[in-house]
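Observations on the three-dimensional arrangement
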Amino acid sequence: MGGYTGTPMTPLRAKFIRDLAIRGRAVRTQQAYTASVADLARYHHRSPDRISYEEVTVWIHHLIRERHLAPSSVNIAVNAVRFLYGVTLGRDTAALLAGIPRMKRDIRRAEIYARSELEALLIAPTQPRDRAFLMTVYAAGLRLSEATALKVTDLDRPRMQLRVRQGKGAKERVLPLSPRLLHELQIYWKAQRAHRPGCDSPWLFLGTQPDQPIHKATGQNIYYRAVRQSGLRRKGGIHVLRHSFASHCIEAGMDLPLVQRLLGHSSLLTTARYLHVTAARLGEVRSPLDLIEFGALAPQPQARATPGALSR
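Scope of this entry: the structure provided in the associated data block. (Residues numbered from 1 in each chain as written. Predicted model: local features only at pLDDT ≥ 70, side-chain atom pairs only at ≥ 80, totals over all residues. Heavy atoms only, no water.)

**Observations concerning the overall build of the protein**
Secondary structure summary: the protein contains 14 helices and three strands in total. In the protein, which comprises 312 residues, the share counted as buried stands at 39%. At a minimum sequence separation of 6, the contacts of the protein that also span at least 24 residues come to 56%. Split by element, the accessible area of the protein, about 18800 Å² in all, is 54% carbon and sulfur. (Helix = DSSP H or I, 4+ residues; strand = E, 2+ residues; numbered from the N terminus. Buried < 20%, exposed > 50% of the residue type's maximum accessible area, 1.4 Å probe, protein only. Contact = heavy atoms within 4.5 Å. Areas by Shrake-Rupley, 256 points an atom, 1.4 Å probe, with all protein chains shown as cover.)

Structure (structure tokens):
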């Protein structure tokens, strides 16, 4: 499948991209799928339409065993070749589906910051833009790509709404605009945007060039720098702020379907990962052992244990 290393685009690749676009696949999905198919072609040194299903299986095994790709990355490759052979090439893919099933992803509880930690993290940046950027990510539960793609026109101040136009899967959603966030954005605007180069740029958060939005790497670095300045333990990348938003909404009593809508999840099962037990609820739980009546002759627990008593 040519056209991946500077050579002219082949008819097969053009049709593949067209088929993806017609079926509503997002631009990022198109890029990921074409990159995977290009990798398959490079691995076998042949166009994908001349590669057998058995050779596709060998390539997937290579991704898992030799390149040690994460299950999510392998599944992108699996989805890409399934689409290529089933849709673009119109072949019977029963044997292919049997040979390369999707991998099970590890389900891990997302780490989050407590509200007291978030207070320290969000006020750590000295630059108004950086502080407003982090507050926007947390206040609206945004993905990094969504935050960097925000435009000034996405803020609806009369209705106090924030519109996300570049959501995952090309989905658009409307979120409540926090008054505190609006205040921080106004501070940023007056300090670093008004009457300066780029003040008329459509992007809410500017990059190095006034006509370009802030780069995702810059947004990630803003977060890492704030974590260091606040003295907190880093619990992951900037996506932790989105995890924290979801968990805090649920802890506040918000219905799960509403949280799903705010996050832009397609499946409620994805949102349900945030239904972990909070520290506050753990403190209310009594062990079944404490409910057993052992009688008066049983040794009674001491009120206070001496330091190091359990380690002797």
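**Focus on the packing of aromatic side chains**
Overall, the coordinates contain five aromatic pairs when judged by the stated rule. Judged by centre distance (5.5 Å) and plane angle (85°), the rings of Tyr-53 and Tyr-85 are edge-to-face. Of this pair, Tyr-53 sits in helix H3 (residues 53–65) while Tyr-85 sits in helix H4 (residues 71–88), and the two are 32 residues apart along the sequence. Where Tyr-188 meets Phe-205, the ring centres are 5.6 Å apart and the plane angle is 25°; that geometry is what we call stacked. Of the two residues, Tyr-188 sits in helix H9 (residues 179–192) while Phe-205 sits in the loop between H9 and helix H10 (216–230), which places them 17 residues apart along the sequence. Accessibility classification places Tyr-188 together with Phe-205 in one group, the buried group. Among the aromatic residues, those joined into a ring-pair cluster are Phe-133, Tyr-188 and Phe-205. Lys-151 extends its terminal NZ or CZ atom over the ring of Trp-203, reaching a point 5.1 Å from the ring centre. (Phe/Tyr/Trp six-rings, centres within 6.5 Å; stacked < 30°, edge-to-face > 60°. Lys NZ or Arg CZ within 6 Å of the ring centre and 35° of its normal.)

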